[in-house]
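Each chain, letter by letter, is given below.
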Amino acid sequence: MNMPMVSAVYAAVLGLLATILTIRVIVNRVRFKVNAGDGGKAELAQAIRAHANFAEHAPFALLLIALAEAAGAQHGVIHGLGAALVVGRLASAWALSGSLGPTPPRQFGASVTILVVAAASLLIFYRAFIA
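Keep in mind the model is a prediction, meaning the values are calculated, not measured.

(A) Structural context of the overall build of the chain. Counting its regular elements, the chain contains four helices and zero strands. Every one of the 131 residues in the chain was classed for burial, and the buried ones make up 34%. In the chain, of all internal contacts separated by at least 6 residues, the share reaching a separation of at least 24 is 64%. Taken as a whole, the chain presents about 7,300 Å² of accessible surface, with 71% of it coming from carbon and sulfur.

Below, the structure is given as structure tokens:
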């Protein structure tokens, strides 16, 4: 089996986004002198939440995309899922960095991520049982 290279490219892009989100948390921790929790600082709480939201959703979606690619899904489909995941995670990170409340970009990001997870899951079932 070959490495799913298309998914690997999206993993690299998402890895850079994870790095940025991690650095934002570290910078805010140093700035506000908070070692654990958010210290009641809204900016730190937003940075932590943006990072946590990414960590909660991106890895599983990316795993499903990679498994779909490994199962033989067409590269165009994998590119579509990967690009949608990147856009969704960027929207969520941007929205959560500005507000912890519901916002259209946050809702968009969550919706796109859910659709990617569902589509990749169905694609795996299709490749496993039908194709």
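Now that the structure is up, let's keep going.
(B) Highlighting the pattern of salt bridges. Applying the stated criterion to the full structure yields two salt bridges. A salt bridge links R31 to E43; the nearest nitrogen and oxygen atoms lie 2.7 Å apart. Taken together, the positions of R31 in helix α1 (residues 5-32) and E43 in helix α2 (residues 42-70) put the pair twelve residues apart, joining distant regions of the chain. With relative accessibility at 38%, the residue E43 sits in the partly exposed group.

(C) Seen up close, α1. Here α1 is 28 residues long and its end C-alpha atoms lie 41 Å apart, about the 40 Å a rise of 1.5 Å per residue gives. Buried residues along α1 sit in contact with α2 and α3 (75-98).

(D) Focus on the environment of S111. Structurally, S111 can be placed in helix α4 (residues 104-129). A residue is classified by how much of its surface remains accessible, and S111, at 39% relative accessible area, is partly exposed. Sequence spacing of S111 and A84 is 27 residues, and the spatial spacing of their C-alpha atoms is 10 Å.

(E) Broad picture of the nonpolar core. Core analysis: the biggest nonpolar cluster contains 24 residues, and I65 and L85 have the highest contact counts within it. If we skip the residues at most four places from it in the chain, I65 touches S7, I78, L81, G82, L85, V116 and A120.

(F) Representation of the packing of aromatic side chains. Here the structure, examined in full by the defined rule, presents one aromatic pair. With a centroid separation of 6.2 Å and an interplanar angle of 25°, the aromatic rings of F125 and F129 are classed as stacked. Taken as a pair, F125 and F129 lie in helix α4 at a separation of four residues, close to a single helical turn. The two residues F125 and F129 agree in class, both being exposed.

(G) Seen up close, the packing of α3 against α4. At a closest axis distance of 7 Å, the pairing of α3 and α4 adopts a crossing angle of 155°. If you check the angle between α3 and α4, you find them roughly antiparallel. Regarding α3 and α4, the two cross each other, and that crossing is left-handed. From α3, V77, L81, A84, L85, V87, G88, R89, A91, S92, W94, A95 and L96 reach across to α4, where they touch P105, R106, F108, G109, A110, V112, T113, V116, A119, A120 and L123. Of the residues in the contact of α3 with α4, the class split is 17 nonpolar, four polar and two charged.

Calculation rules
- Residues numbered from 1 in each chain as written.
- Predicted model: local features only at pLDDT ≥ 70, side-chain atom pairs only at ≥ 80, totals over all residues.
- Heavy atoms only, no water.
- Helix = DSSP H or I, 4+ residues; strand = E, 2+ residues; numbered from the N terminus.
- Buried < 20%, exposed > 50% of the residue type's maximum accessible area, 1.4 Å probe, protein only.
- Contact = heavy atoms within 4.5 Å.
- Areas by Shrake-Rupley, 256 points an atom, 1.4 Å probe, with all protein chains shown as cover.
- Salt bridge = Lys/Arg side-chain N within 4 Å of Asp/Glu carboxyl O.
- Expected span 1.5 Å × (residues − 1).
- Core = buried A, V, L, I, M, F, W, Y, C linked by side-chain atoms within 4.5 Å.
- Phe/Tyr/Trp six-rings, centres within 6.5 Å; stacked < 30°, edge-to-face > 60°.
- Axes fitted to C-alpha atoms, helices over the stretch in contact; angles between N-to-C directions.
- Parallel < 35°, antiparallel > 145°, perpendicular 65-115°, else oblique.
- Left-handed = near helix turned anticlockwise from the far one by under 90°.
- Nonpolar A, V, L, I, M, F, W, Y, C, P; charged D, E, K, R; others polar.

In short, the description is geometric, and any link to function would need to be established separately.
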